[in-house]
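# Results of the structural survey
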Amino acid sequence: MLLCAAGDIHGAIVRLYDDVLAFETTLGIRFDWVLHVGDFGVWPDEVSVDRATRAHDGAGDFPAWLASGRGVPRRTVFIKGIHESVEWLGTRERSEILPGLFYRRNGQTMELDTEKGQAVRVGGIGGCYGPSDYEHRSDRLQGYARRHYTRDEIDRLAAAKRADIILTHDAPAGVDFPSRGRRASYVSPAAGLDTLLERVRPRVCFFGHHHTRVDADVAGVRCIGLNKIGYAGNLVAIDTTETKRAWAPFAEWPRQNST
């Protein structure tokens, strides 16, 4: 199975799939699924966007796609980020919110299939770490706190039979980010995600949120941080027929120094 993992796009849906299709053309392949790590930019209308989104990226393409019922050109599964309407997503009765676009709630898994009968199980924990909310029950969170994940969601996913791939929005605790420009180096404090990887032992973990392409090892699991759309390392391709324990990218897009 050929998969394309994608970092934060903040509503730039048209650009995402233009890039995915260009990536395919360059490689001479067709992806079976796109995996997205949150901040897809799901806003049902321009009124509901949060302050940060209004100041930077705006509502993006989703309101128009939703109004027209437009389907995505490649089947896609995504988890929540912190800059999209988690309230609206929480009211959806079906996981398929646009034709071919599937939302996975925290703690859930989904089996991805192909026409050839291959299957890969993906699990997800969206949102970011909030120390004051982590020990609360997820169904008790209100307002902005709904953008945080909780221990009970971690436990729910860890109790699943298996997950070949884990998607998280935040970086698992222990991932080291080197200094860049004026930003000093730092280590992710996102508790629980590291424990999840240790308990589930997936083949690979993808995350976003930090807008940095980074590779790390957490609890013996390869963790791949994806960049923001338009920057090198926003998209990576993996082949699940690879026999090695960890699934490694065999190509990335855009190319280095491409914007």
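Heads up: the structure comes first, above all this text.
What comes next is a walk through the structure.

Once that is clear, we can look at helix 1 (residues 13-27). Between its first and last C-alpha atoms helix 1 spans 21 Å; for 15 residues at 1.5 Å apiece the expected length is 21 Å, and the two agree. All of the buried residues in helix 1 are Ile13, Leu16, Tyr17, Asp19, Val20, Phe23 and Glu24. Taken down its axis, helix 1 places every buried residue within 155° of arc, on the same side. The first or second residue beyond helix 1 is glycine 28, which carries a positive phi of 70°.

Strand order in this open sheet of seven strands is 4-5-3-2-1-14-15, and the pairing throughout is mixed. With partners counted over all chains shown, the strands left at the sheet margins are strand 4 (96-98) and strand 15 (251-253), one partner each. Each strand of the sheet is rotated relative to its neighbour by a mean of 25°, with strand direction disregarded. Across three bridges, strand 2 (residues 33-36) lies against strand 3 (residues 76-78) in parallel orientation. Each residue of the ladder has a partner; that of histidine 36, found in strand 3, is phenylalanine 78.

So, on to the sheet that holds strand 7 (residues 119-125). The strand order 6-7-8-11-13-12 describes an open sheet built from six strands, whose pairing is mixed. What marks the edges here is a single partner per strand, and that holds for strand 6 (109-113) and strand 12 (214-218). With strand direction ignored, the average angle separating the axes of adjacent strands in the sheet is 25°. As paired elements, strand 8 (residues 165-168) and strand 11 (residues 204-207) share four bridges and run parallel to each other. Residue threonine 168 lies in a different strand from strand 11, and its bridge partner there is phenylalanine 207. Here helix 5 (residues 151-158) sits on the sheet and contacts strand 6, strand 7 and strand 8; the angle it forms with strand 7, its principal contact strand, is near 165°. Most of the contacts of helix 6 (residues 193-200) go to strand 8, to which it runs at about 170°, and overall it touches strand 7, strand 8, strand 11, strand 12 and strand 13 (221-225).

Our next topic: the packing of aromatic side chains. Tallying each qualifying case throughout the model produces twelve aromatic pairs. When the centroid spacing of 6.1 Å and the interplanar angle of 35° are considered together, the rings of tyrosine 129 and tyrosine 149 count as tilted. Of the two residues, tyrosine 129 sits in the loop between strand 7 and helix 5 while tyrosine 149 sits in the loop between strand 7 and helix 5, which places them 20 residues apart along the sequence. With a relative accessible area of 0%, tyrosine 149 lands in the buried category. Among the aromatic residues, those joined into a cluster by ring pairs are Phe23, Phe31 and Trp253.

A few words on the environment of histidine 136. Here histidine 136 is to be found in the loop between strand 7 and helix 5. By relative accessible area, histidine 136 is classed as partly exposed at 40%. Separated by 93 residues in the primary sequence, histidine 136 and isoleucine 229 place their C-alpha atoms 33 Å from one another. Polar contacts involving the side chain of histidine 136 include one to the main-chain carbonyl oxygen of serine 132, which spans 3.5 Å.

Calculation rules
- Within every chain, residues take consecutive numbers counted from 1 along the sequence as written.
- The predicted nature of this model means local features are confined to residues of pLDDT at least 70 and side-chain atom pairs, given and counted, to a pLDDT of 80 or more, with totals for whole chains, interfaces and linings taken over all residues.
- Excluded from the side-chain calculation are hydrogens and water; included are all heavy atoms of the structure.
- Secondary structure counts use DSSP, requiring at least four H or I residues in a row for a helix and at least two E residues in a row for a strand, with both numbered from the N terminus.
- To estimate the expected span of a helix, subtract one from its residue number and multiply by 1.5 Å.
- A simple rule labels every residue: compare its accessible area, found with a 1.4 Å probe on the protein chains alone, to the largest value its type can have, and call it buried under 20%, exposed over 50%, or partly exposed in between.
- The arc in question is traced by the directions running from the helix axis to the C-beta atoms.
- Between any two strands, at least two bridges found by DSSP are needed for them to pair.
- Interaxial angle, 0 to 180 degrees, is taken between N-to-C directions of lines fitted to C-alpha atoms, where a helix line uses only the stretch in contact.
- Only heavy atoms enter the contact rule, under which two residues are in contact if any of them lie within 4.5 Å.
- Here a pair means two rings of Phe, Tyr or Trp (six-membered ring of Trp) with centres within 6.5 Å. Their orientation is stacked below 30 degrees between planes, edge-to-face above 60, and tilted elsewhere.
- Polar contact is defined as a pair of N or O atoms within 3.5 Å, subject to the rule that within protein one atom must be able to donate a hydrogen and the other to accept it, and that residues adjacent in sequence are counted only when both atoms are side-chain atoms.

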